[in-house]
Amino acid sequence: FLGRASAKQPELGSTIEEDYKKCVQACTNAIEIDEHNSKALYRRARALSEPMTATDADTEAAIRDLTDAAAIHNSAGSRRTRVTCATLQTSSSTG
């Protein structure tokens, strides 16, 4: 869902916003099963913050998810997570 929504190519019969919502729900389900799933936290954060309709609350939730993901996945692979979190925090404080 995230890939299609990010590429602005929604699933057939769907909208980009619906794909982002489906991604958030799928990631939330994965996190309920495994709260240490850093990939699901990262993807949910992106799905919350990327839509044009993202609210301040969505951005704050995304920052929390990214912070948690970075803490769980504390290795070289979490660099992208930390950068994305820093970018959201900067845009949140300036916007």
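Preceding block: the structure.
Throughout what follows, the structure given in this document is the object of discussion. None of the values given here were measured: they were computed from a predicted structure.

All right, on to the packing of helix 3 (residues 38–49) against helix 4 (residues 56–72) then. In a packed pair of helices, the relevant descriptors are the angle between the two axes and the axis-to-axis distance. One can describe the packing of helix 3 onto helix 4 by two numbers: an axis separation of 8 Å at closest approach and a directional angle of 160 degrees. Accordingly, the angle class assigned to the pair helix 3 and helix 4 is roughly antiparallel. Regarding helix 3 and helix 4, the two cross each other, and that crossing is left-handed. Between helix 3 and helix 4, the residues in contact are Ser-38, Leu-41, Tyr-42, Arg-44, Ala-45, Leu-48 and Ser-49 and Asp-58, Ala-61, Ala-62, Asp-65, Leu-66, Asp-68, Ala-69 and Ile-72, respectively.

With that settled, the discussion passes to the side chain of Arg-44. For Arg-44, the position within the fold is in helix 3. Residue Arg-44 is classed as buried on the basis of its relative accessible area of 16%. When near neighbours in sequence (up to four residues on either side) are disregarded, Arg-44 contacts Val-24, Cys-27, Thr-28, Ile-31 and Asp-65.

Quick look at the side chain of Ser-14 now. Within the secondary structure, Ser-14 sits in the loop between helix 1 (2–6) and helix 2 (16–33). The exposure class assigned to Ser-14 is buried, which follows from its relative accessible area of 14%. A distance of 3.1 Å separates the side chain of Ser-14 from the side chain of Glu-18, its partner in a polar contact. Among the polar contacts listed, one links the side chain of Ser-14 to the side chain of Asp-19, at a separation of 3.3 Å. Those residues within four positions of Ser-14 in sequence are excluded, and the remaining contacts are Asp-19 and Lys-22.

All right, on to the nonpolar core then. Leu-2, Ala-5, Tyr-20, Cys-23, Cys-27, Ile-31, Ala-40, Leu-41, Ala-47 and Ala-69 form the largest nonpolar core, which has 10 residues in total. Each residue touching Leu-41, except ones within four places of it in the same chain, is listed here: Ile-31, Glu-35, Asp-65, Asp-68, Ala-69 and Ile-72. Tyr-42, Ile-63, Leu-66 and Leu-88 belong to the second largest nonpolar core, which has nine residues in total.

Parameters at a glance
- Within every chain, residues take consecutive numbers counted from 1 along the sequence as written.
- pLDDT decides what is reported in this predicted model: residues at 70 or higher carry local features, side-chain atom pairs at 80 or more are listed and counted, and totals for whole chains, interfaces and linings draw on all residues regardless.
- Side-chain descriptors were evaluated using all non-hydrogen atoms of the structure, hydrogens and water having been removed beforehand.
- Lines fitted to C-alpha atoms define the axes here, with helix axes fitted over just the stretch in contact, and angles between the N-to-C directions of these axes take values from 0 to 180 degrees.
- Segments assigned H or I by DSSP are reported as helices when at least four residues long, segments assigned E as strands when at least two residues long, and all are numbered from the N terminus.
- Here roughly perpendicular refers to angles of 65 to 115 degrees, roughly parallel to angles under 35, roughly antiparallel to angles over 145, and oblique to all remaining angles.
- Take the far helix as your reference; a near helix turned counterclockwise from it by less than a right angle gives a left-handed crossing, and one turned clockwise gives a right-handed crossing.
- Working rule for contacts: check all heavy atoms of both residues, and any pair within 4.5 Å makes them a contact.
- Exposure categories follow from relative accessible area, calculated using a 1.4 Å probe and restricted to protein chains: below 20% of the type maximum is buried, above 50% is exposed, and the middle band is partly exposed.
- Pairing of N or O atoms within 3.5 Å defines a polar contact, subject to two protein rules: one partner must be a possible hydrogen donor and the other a possible acceptor, and residues neighboring in sequence count only if both atoms are side-chain atoms.
- Nonpolar cores are built from buried Ala, Val, Leu, Ile, Met, Phe, Trp, Tyr and Cys residues. Side-chain atoms within 4.5 Å join them into one set.

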